[in-house]
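What the coordinates show
Here's the letter readout for the chains.
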Amino acid sequence: VQLQASGGGLVQAGGSLRLSCAASGRTFSRYNMGWFRQAPGKEREFVAAITRSGGSTYYADSVKGRFTISRDNAKNTVYLQMNSLKPEDTAVYYCAADQGSEYLNRWQWAYDYWGQGTLVTVSS
């Protein structure tokens with residue numbers, strides 16, 4: 001599967017953005033999906049994940065209550081709604097697809113396919 005992330009941009013602290021990740025192919029619903037991010041000078045970290053059906057989600061503590069992951073299997077797209085953005089949310093955001101796991105993963109090695117990333121910049 002090929003993944004294309006979009007929706008990044010420049011936003012003021014306290015603002016909102018919605019990221020999208022469009023997947024190619026007809027097997028999107030077979031993948032758990034995740035969002036990760038990498039801030040300048042830091043390692044890539046887990047943000048959120050969602051099950052194949054969309055019935056369960058999992059968030060990093062740093063974004064819980066502010067970010068919402070969702071998916072539309074008919075559109076082969078996963079979303080990340082980001083509210084109450086903070087300067088420390090500034091990063092390149094990546095979507096990823098996990099084909100084999102039964103449970104949601106926060107570990108990068110569990111994900112088989114990655115998108116190219118979209119930059120989110122939050123100004124103070």
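Residues numbered from 1 in each chain as written. Predicted model: local features only at pLDDT ≥ 70, side-chain atom pairs only at ≥ 80, totals over all residues. Heavy atoms only, no water.

1. So, the environment of Ser 56
- Secondary-structure assignment places Ser 56 in the loop between β5 (45-50) and β6 (57-59).
- In the structure, Ser 56 is positioned 57 residues away from Tyr 113 in sequence and 20 Å away in space, judged by C-alpha atoms.
- Once you skip the residues sitting within four places of it in the chain, Ser 56 turns out to touch Ala 49, Ile 50, Thr 51 and Leu 104. (Helix = DSSP H or I, 4+ residues; strand = E, 2+ residues; numbered from the N terminus. Contact = heavy atoms within 4.5 Å.)

2. Remarks on the packing of aromatic side chains
- The final tally for this structure, using the stated rule, is six aromatic pairs.
- Note on Phe 36 and Tyr 111: the rings are 5.1 Å apart at their centroids and 80° apart in plane angle, and the pair reads as edge-to-face. You can see Phe 36 sitting in strand β4 (residues 32-38) and its partner Tyr 111 sitting in the loop between β9 (91-98) and β10 (113-114), a full 75 residues away along the chain.
- Accessibility expressed as a relative area gives 6% for Tyr 111, which makes it buried.
- Site record: aromatic cluster; members linked through ring pairs are Phe 36, Phe 46, Tyr 58, Tyr 111 and Trp 114.
- Across the ring face of Tyr 94, the terminal group of Arg 44 is positioned such that the distance to the ring centre comes to 5.0 Å.
- Between the NZ or CZ atom of Arg 44 and the centre of the ring of Trp 114, over which it lies, the distance is 3.9 Å. (Phe/Tyr/Trp six-rings, centres within 6.5 Å; stacked < 30°, edge-to-face > 60°. Buried < 20%, exposed > 50% of the residue type's maximum accessible area, 1.4 Å probe, protein only. Lys NZ or Arg CZ within 6 Å of the ring centre and 35° of its normal.)

3. Quick look at the pattern of salt bridges
- Counted under the stated rule, the structure contains four salt bridges.
- A salt bridge links Lys 64 to Asp 61; the nearest nitrogen and oxygen atoms lie 3.1 Å apart. The two residues Lys 64 and Asp 61 agree in class, both being exposed.
- A salt bridge links Arg 66 to Asp 89; the nearest nitrogen and oxygen atoms lie 2.7 Å apart. Of this pair, Arg 66 sits in the loop between β6 and β7 (67-72) while Asp 89 is found in the loop between β8 (77-82) and β9, placing the two residues 23 residues apart along the sequence. The residues Arg 66 and Asp 89 share a single accessibility class, namely buried.
- Several salt bridges share partner residues, and in doing so they unite Arg 37, Glu 45, Arg 66 and Asp 89 into one network. (Salt bridge = Lys/Arg side-chain N within 4 Å of Asp/Glu carboxyl O.)

4. Describing the nonpolar core
- Met 33, Trp 35, Leu 80, Met 82 and Tyr 93 are the most contacted members of the largest nonpolar core, which totals 36 residues.
- Looking at this core, the elements that each hand over two or more residues are β1 (3-6), β3 (17-23), β4, β5, β7, β8, β9 and β11 (118-123).
- Apart from the residues lying within four places of it in its own chain, the contact partners of Met 33 are Leu 3, Cys 21, Phe 28, Ala 48, Ala 49, Ile 50, Ile 69, Arg 71, Val 78, Ala 96, Ala 97 and Tyr 111. (Core = buried A, V, L, I, M, F, W, Y, C linked by side-chain atoms within 4.5 Å.)

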